[in-house]
Amino acid sequence: GYAFLAAGIGMFLGVAIWMLSRILPCEVSMALWAVLVVCSAIFFGAIEPLKEDASGWAKLLKSLAFIALLYGMTLCVGFISGATDPLKPLERLSFKESNSQVSSSTLFTKINSLNMLETALKSSDKVVMLDFYADWCVNCIEYEKFTFSDTRVKAKMQNMTLLKADVTKNSDEDKAMQKAFTIYGPPALLFFKNGKELSEFRLVGFKNADEFLAHLEKLGL
């Protein structure tokens, strides 16, 4: 009975952390995940010795708890190293970053206010793509790693002015930009021509490279 209750509480806390990760700093979310996983693993006997007459189910639970403990410790290491993705806690310990990821990120000009956006729109004679991004947004990271890093996509994006609104901190300026375009949260890709949004081409949610290329073709790019 206690085991099922503890599992239920753990799942409830996990959902709570997942929801709070949208507004909490990434480092805080990593710390909360680490604490939850380590505490859960210890509760389910990860560091307790098995009894000599332990059943097969008890051994299986012990193994799973120990694996969870190892993952929890990895999350702790990730938190200390400054990682922001619970699914990749050791990302900051890897010194190799692919050229495609580096080049795709440098294609964008960061903006942090509506005034900066207005200035950028007025100064561009190309189609402008505005990427609403946040570090805690899994789909945003997928865009960076799987879509914008694609060589075909990068070639197409050379024909656009690329802007990125990083709303990770959810500051007043971030909220103002999202409110101005009725954005409820990233990822959202907005396209502008002659200073006006092409609202029918707005993208919300993740698109892989092929889907994104098909969308750009509709834009005439």
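Use the structure listed above.
Residues numbered from 1 in each chain as written. Predicted model: local features only at pLDDT ≥ 70, side-chain atom pairs only at ≥ 80, totals over all residues. Heavy atoms only, no water.

Asks: How should the side chain of His215 be read in this particular structure?
Replies: Tracing the sequence through the fold places His215 in helix H9 (residues 209-218). In this view, His215 contacts Phe191, Phe201 and Leu203; residues no more than four positions away in its chain are not counted. (Helix = DSSP H or I, 4+ residues; strand = E, 2+ residues; numbered from the N terminus. Contact = heavy atoms within 4.5 Å.)

Asks: Sorry if this is basic, but what is going on with the state of the cysteines here?
Replies: Two cysteines joined by a covalent bond between their sulfur atoms form a disulfide. Counted according to the given criterion, the structure contains zero disulfides. Its sulfur unpaired, Cys76 is 9.3 Å from the next cysteine sulfur, which belongs to Cys39. Under the relative-accessibility criterion, Cys76 is labelled partly exposed at 27%. (Disulfide = S-S within 2.5 Å. Buried < 20%, exposed > 50% of the residue type's maximum accessible area, 1.4 Å probe, protein only.)

Asks: I would appreciate a short explanation of the pairing of strand E3 (residues 160-166) in the present structure.
Replies: In summary, the side chains of a regular strand alternate between the two faces of the sheet. Most of E3 sits out of view: five of its seven residues are buried. With seven bridges connecting them, strand E2 (residues 127-133) and E3 associate as parallel partners. Within E3, the residue paired with Phe132 across the bridge is Ala165. (Pairing = 2+ DSSP bridges.)

Asks: Can you walk me through the packing of helix H2 (residues 26-43) against helix H3 (residues 56-81) in this structure?
Replies: Two quantities define a packed helix pair, namely the angle between the axes and the distance from one axis to the other. At a minimum axis distance of 8 Å, the contact between H2 and H3 shows a crossing angle of 155 degrees. Between H2 and H3, the interaxial angle falls into the category roughly antiparallel. Helix-helix and strand crossings are classified by hand; for H2 and H3 the assignment is left-handed. Within the contact between the two elements, H2 uses Glu27, Met30, Ala31, Trp33, Ala34, Val37, Val38, Ala41 and Ile42 and H3 uses Ala65, Ala68, Leu69, Tyr71, Gly72, Met73, Leu75, Cys76, Gly78 and Phe79. Partitioning the contact of H2 with H3 into residue classes produces 16 nonpolar, two polar and one charged. (Axes fitted to C-alpha atoms, helices over the stretch in contact; angles between N-to-C directions. Parallel < 35°, antiparallel > 145°, perpendicular 65-115°, else oblique. Left-handed = near helix turned anticlockwise from the far one by under 90°. Nonpolar A, V, L, I, M, F, W, Y, C, P; charged D, E, K, R; others polar.)

Asks: Could you clarify how one ought to interpret the pattern of salt bridges in this entry?
Replies: Oppositely charged side chains can form a pair if their charged atoms are brought close together. Using the criterion set out here, one finds six salt bridges in the structure. A salt bridge links Lys164 to Asp131, with the nearest nitrogen and oxygen atoms 2.8 Å apart. Of the two residues, Lys164 is situated in strand E3 and Asp131 in strand E2; the sequence distance between them amounts to 33 residues. Classification of Lys164 as buried rests on a relative accessible area of 6%. Among the salt bridges present, the one from Arg152 reaches Asp210, with a minimum N-O distance of 3.0 Å. Of this pair, Arg152 sits in helix H7 (residues 151-157) while Asp210 is found in helix H9, placing the two residues 58 residues apart along the sequence. With relative accessibility at 41%, the residue Arg152 sits in the partly exposed group. One network of salt bridges, in which partners are shared, links Asp131, Glu144 and Lys164. (Salt bridge = Lys/Arg side-chain N within 4 Å of Asp/Glu carboxyl O.)

Asks: Looking at this structure, how should I read the nonpolar core?
Replies: As a rule of thumb, soluble globular proteins bury nonpolar side chains together. Core analysis: the biggest nonpolar cluster contains 23 residues, and Leu130, Phe132 and Leu190 have the highest contact counts within it. At the level of elements, helix H5 (114-123), E2, helix H6 (138-147), E3 and strand E4 (188-193) are the ones that each hand at least two residues to this core. The element that contributes the greatest number of residues to this core is E2, accounting for four residues. Sequence-distant contacts of Leu190, defined by excluding residues within four places in its chain, comprise Val128, Met129, Leu130, Phe132, Phe181, Ile183, Glu197 and Arg202. By size, the runner-up hydrophobic cluster in this structure holds 20 residues, among which are Val127, Met160, Leu198 and Leu203. (Core = buried A, V, L, I, M, F, W, Y, C linked by side-chain atoms within 4.5 Å.)

Asks: Sorry, what's going on with the environment of Ser21 here?
Replies: Following the sequence through the fold, Ser21 ends up in the loop between helix H1 (2-20) and H2. Classification of Ser21 as buried rests on a relative accessible area of 12%. Note: C-alpha distance between Ser21 and Lys218 (197 residues apart in sequence) is 35 Å. Those residues within four positions of Ser21 in sequence are excluded, and the remaining contacts are Ser29 and Trp136.

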